[in-house]
Amino acid sequence: MTVVEAPAERRWRWPIEIRLEPRLSQPAWLGFGVSLGAVALALVLGGVVLKLVGGDPVRAYLYMIRASFGNLGVISDTITKATPLILVGLACALAFRMRLWNIGAEGQFFAGAFGASAVVLTPLLAPETPSIWMIPAMILAGFVAGALWGFLPGFLKARYNVNEIISTLMMNYIAVAWNNFFIFAVWTEGGFQMSRVFPKTAWLPRLADYAKEIREFRGLTAHLGLVIGLLAAVIVWWVLFRSKWGYEIRLIGDNPKAARYAGVNIVRNTVLVMMLSGGLAGLAGMSEISGVVHRLQGAISPGYGFTGIIIAWLAKLNPLAVIPVSVLFGALILAGREIQPSGVPKMIQGIVLVCLIASELMIRNRIRFIFRPVRS
Amino acid sequence: MDPIIILQAGVATGTVLLFATVGEILAERSGVLNLGVEGMMLIGAMSAINIAVRTGNPWLGLLVAMVASGLLSQIHAVIAIQFRADQVVSGLALNFAAVGLSLVFGEGLSKAGAVALLPTYTLPVLYQIPVIGPIFFTKQSVMVYIGYLLIPLVWVYIHRTRPGMHLRAIGEFPGAADALGINVARLRHLYVFLGGMLAGVAGATISLAVAPGWFSELTTSGQGWIAIGLVIFAQWDPLRAAFGSYAFGALRRLILDIQGPTVLLGLRNPFYYNPYWGFFLQMIPYAFTIAVLVLGSREAVRKRLGAPAALGLPYARGERGL
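Bear in mind the structure is a predicted one, so any value in this text is a computation, not a measurement. Per chain, residue numbering runs from 1 following the sequence as it is written. Each chain takes a letter, starting from A, and each ligand takes a number, starting from 1, following the order in which they are written. Local features in this predicted model are restricted to residues of pLDDT 70 or higher, and side-chain atom pairs are both shown and tallied only at a pLDDT of 80 or more, whereas totals for entire chains, interfaces and linings draw on every residue. To obtain the side-chain values, all non-hydrogen atoms of the structure were included, while hydrogens and water were left out.

## Quick notes on the interface of chain A and chain B
Interfaces are often sized by the amount of accessible area the parts lose when they come together. Our working definition: What makes two residues a contact is simply this: any of their non-hydrogen atoms within 4.5 Å. Throughout, the accessible surface (probe 1.4 Å) given up by two parts as they are put together, summed over both, is called the buried area. By definition, a salt bridge exists where a carboxyl oxygen of Asp or Glu is found within 4 Å of a side-chain nitrogen of Lys or Arg. In protein, a polar contact means a hydrogen-donor-capable atom and an acceptor-capable atom, both N or O and within 3.5 Å, with residues adjacent in sequence counting only if both atoms are side-chain atoms; elsewhere, any N or O pair within 3.5 Å suffices. Secondary structure elements are taken from DSSP: a helix is a run of H or I of four residues or more, a strand is a run of E of two residues or more, and numbering for both begins at the N terminus.
The partner chain B presents 44 residues to the 44 residues of chain A that form the contact. Between chain A and chain B, the buried area comes to about 3,900 Å², and carbon and sulfur atoms account for 84% of it. Our count for the contact surface shared by chain A and chain B stands at two salt bridges. Notably, a salt bridge pairs E217 of chain B with K346 of chain A, separated by 3.1 Å at the nearest N-O pair. Here chain A is connected to chain B by six residue pairs in polar contact (both at pLDDT 80 or more). Of all the secondary-structure elements, those providing two or more residues to the side of chain A that touches chain B are helix 1 (28–52), helix 5 (131–160), helix 6 (164–186), helix 11 (304–314) and helix 13 (344–364) of chain A. The leading source of residues in the side of chain A that touches chain B is helix 6 of chain A, at 14 residues.

## A short note on the packing of aromatic side chains
A ring pair, where both rings are aromatic, is described by two values, the distance of the centres and the angle of the planes. Our working rule: Note on ring pairs: Phe, Tyr and Trp rings are taken, using the six-membered ring of Trp, and paired if centres are within 6.5 Å. Classes follow the plane angle, with under 30 degrees stacked, over 60 edge-to-face and the rest tilted. Burial classes: relative accessible area under 20% of the type maximum marks a residue as buried, over 50% as exposed, and values in between as partly exposed (1.4 Å probe, protein chains only). For a ring to carry a charge above it, either NZ of a lysine or CZ of an arginine must fall within 6 Å of the ring centroid while also lying within 35 degrees of the normal to the ring plane.
A complete count under the given rule lists 28 aromatic pairs over all chains for this structure. Geometrically, the ring pair formed by Y148 of chain B and Y246 of chain B is edge-to-face, given 6.5 Å between the ring centres and 65° between the ring planes. With Y148 of chain B in helix 6 (residues 142–160) and Y246 of chain B in helix 11 (residues 238–257), this residue pair connects regions lying 98 residues apart in the sequence. Taken as a pair, Y148 of chain B and Y246 of chain B share a single burial class, namely buried. What links up through ring pairs into an aromatic cluster is the set F114, W178, F181, F182 and W187 of chain A together with F280 of chain B. When the ring centre of W203 of chain A is taken as reference, the NZ or CZ atom of K200 of chain A above it lies at 4.6 Å. Above the plane of the ring of Y273 of chain B lies R268 of chain B, whose end atom (NZ or CZ) is 4.1 Å from the centre.

## A few points about the confidence of the model for chain A
Filter applied, for reference: On a scale of 0 to 100, pLDDT captures the predictor's confidence in every residue.
Averaged over every residue, the pLDDT of chain A is 91; residues scoring 70 or more account for 97%. Least confident of the elements in chain A is strand 1 (residues 16–22) of chain A, whose mean pLDDT is 81; most confident is helix 7 (residues 225–242) of chain A, at 97.

## A few points about the pattern of salt bridges
All names here are of chain B. For the structure on display, the rule yields eight salt bridges over all chains. Of the charged contacts, one joins D178 and R317 as a salt bridge, the two residues approaching to 2.7 Å between their closest N and O atoms. Within this pair, whereas D178 is found in helix 8 (residues 174–179), its partner R317 is found in the segment after helix 13 (278–303), the two being separated by 139 residues in sequence. Looking at R317, the relative accessible area reads 66%, which means it is exposed. As a salt-bridge pair, R253 and D257 come within 3.3 Å of each other at their nearest N and O atoms.

## Considerations on the side chain of T219 of chain B
Residue and element names in this part refer to chain B. Mapped onto the elements, T219 comes out in the loop between helix 9 (184–210) and helix 10 (223–233). The exposure class assigned to T219 is buried, which follows from its relative accessible area of 6%. Within the structure, T219 has its side chain in polar contact with the backbone oxygen of S216 (distance 2.6 Å). Among residues more than four places away in sequence, those in contact with T219 are L42, A45, I206, G213 and W214.

## Considerations on the packing of helix 11 of chain A against helix 4 (residues 87–105) of chain B
Keep this limit in mind: Note on method: axes are straight lines fitted to C-alpha atoms, helices fitted across the in-contact stretch only, with angles between N-to-C directions ranging 0 to 180 degrees. For this classification, under 35 degrees means roughly parallel, over 145 means roughly antiparallel, 65 to 115 means roughly perpendicular, and everything else is oblique. It is the rotation of the near helix from the far one that decides the hand of a crossing: anticlockwise by less than a right angle makes it left-handed, clockwise makes it right-handed. In this classification, Asp, Glu, Lys and Arg are treated as charged, Ala, Val, Leu, Ile, Met, Phe, Trp, Tyr, Cys and Pro as nonpolar, and every other residue, Gly included, as polar.
Between helix 11 of chain A and helix 4 of chain B, whose axes approach to 12 Å, the crossing angle comes to 130°. Here helix 11 of chain A lies oblique to helix 4 of chain B, going by the angle between them. In this structure, the crossing between helix 11 of chain A and helix 4 of chain B has a hand that is left-handed. Contact residues: helix 11 of chain A offers F306, I309, I310 and W313 of chain A, while helix 4 of chain B offers V89, L92 and F96 of chain B. Along the lines of polarity and charge, the residues of the contact of helix 11 of chain A with helix 4 of chain B split into seven nonpolar, no polar and no charged.

## Topic: the packing of helix 2 (residues 37–55) of chain B against helix 10 of chain B
All names here are of chain B. At their nearest, the axes of helix 2 and helix 10 sit 7 Å apart, and the two run at 135° to each other. Considering their axes alone, helix 2 and helix 10 lie oblique with respect to each other. The way helix 2 lies across helix 10 gives a crossing that is right-handed. Touching V37, E38 and M41 of helix 2 are Q223, G224, W225 and I228, all from helix 10. Its residues assigned to classes, the contact of helix 2 with helix 10 comprises four nonpolar, two polar and one charged.

## A look at helix 9 of chain B
Residues and elements named next belong to chain B. Keep this limit in mind: For a helix, the expected span equals 1.5 Å multiplied by the number of residues minus one. At every residue, the bend is computed as the angle between two fitted axes, covering the seven residues ending there and the seven beginning there respectively.
In this model helix 9 runs 37 Å from its N-terminal to its C-terminal C-alpha over 27 residues, within 8% of the 39 Å that 1.5 Å per residue would give. Remark: the principal bend of helix 9, roughly 25°, maps to A204. Counting buried positions along helix 9 yields 21 of 27 residues, so the element is predominantly enclosed.

Structure (structure tokens):
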């Protein structure tokens, strides 16, 4: 009997080889399934961190589900939180489609809130003005203020090739300081850091306002801003996927060189998309001010503009998918307010985006595990 | 409002930006755009003061800040280099996650009370040089002096050494570097790690030296983003980065100090009598960053300078592209 000798060089190697093979086509369910897995993984990782700082992740998550979807009242609160998120999510999705990195939705949100408040507080319209004029004027002012806040980075990008990531971000800090000046110095009420409460004519109608007619609406906070958000989602979807302009925007995003050869005006589109994106974020500010806060004050956003970036990415830049994703993040922000430590919702949002961008590897590639003997 | 004192404090404030900017220059020179600087600085600031409070040793805090931010940067490195994902989104993701983590782990730190800070020194002989001495060499934190050493070191490394040439090669033309046997992925991991470490140092410099304490997101208040802007202004050159950082530091100090005196240049100080104008002063560093970017990009066009050619592009051997 002969024994076959192993070769002299015996090198240890991993028993499993991981090989990436680019997918030629992606099944329709894949993106959805992988994203769901990424969110689940992010929640697990967030739970691990929560455990590390001495919390009880299971109880915290169960509490969050109950506090955001437990009864009709909190579901309405969740939808109220989701309303501005839909609009900033759309703002980001639109700009990102053109690979225009508008990180400034937060600042444009503040600008929109300022614009809408200016109508009431300057006052541009007398407080007795009926809602039917007051509300559209505020919507217009919020949209225009947000669009102007987006115009500058867009113009600088188009004209001088200034990096829009940095410029939009810097505009965020400027917007906050601008609003603070007006809250502290101009529109302050009795030295407090907030303006006076808007007259009722400047409030977006809430479900609770119709409690007399329909008893079930009593105490429900959802307001007309939701309708603005839903309409905006349909319009942005139509513009992006059914109009010639939307085709241009997507073409620039996918292949700027081809767009240029095709004669698409990149300079004009950069400015316009940035303004429309800013306007949408401005609408979110208007809706929050007029539908929830009813006055201008400092703490009007728990980072809505940044959440919008994550929402847009999770929705795969699809305006209609932004709606359900916004509801999920609205729930996270609503229920997270009472979770200690206070940074938890922000942390989970960040981890979701990390897992999401990492998971794209599995959408683009088939991952093969190849088993082999330890020694060659 | 003694200009010498403002400049002296400005150099200290600018040192924070210096570390962050030089770190990002190293990462971007290797071809990886890391937008997570702000978050990594916050992690650095939080872990530095956290450890300093627990152990009473600020040096240990500095070390942990470096390691924590460096390890965190590898999340972005793996996603950007190995997974070849979009570097802008990956960097933003790292930033959000890092900000959130620093808030969670920093809970309660703002009430920690007094903490041992990194020491300050006055350099013998050098402090006697008129004007320069009091600004640069008198009662400065040890981090400021480390900053002085870092500038020429990194410049010489990038421009005059063989590893520095490899660094430039993997950022400009990774395909060619790969053909010469340089391990592109490994080096990119290394430089992203160095960049993360320096962002951690920048954070620790805030919380343990320049503006001691933990004020959650206000600790950095956007300085990480300003640093990324400065990299573009500096055209990826550490000397220009140093100039920009110290100028920004002095500007930030001036804005803080200008509201103090009742008389300014022989006139009634409007910023003292109208304290709310301070909000417009607060905008200046951010507006200035945008202005600097405009100037920087116009100059870049004129001199035909630009970013490392492969910046933001993943490298895969055998695929078309750089």
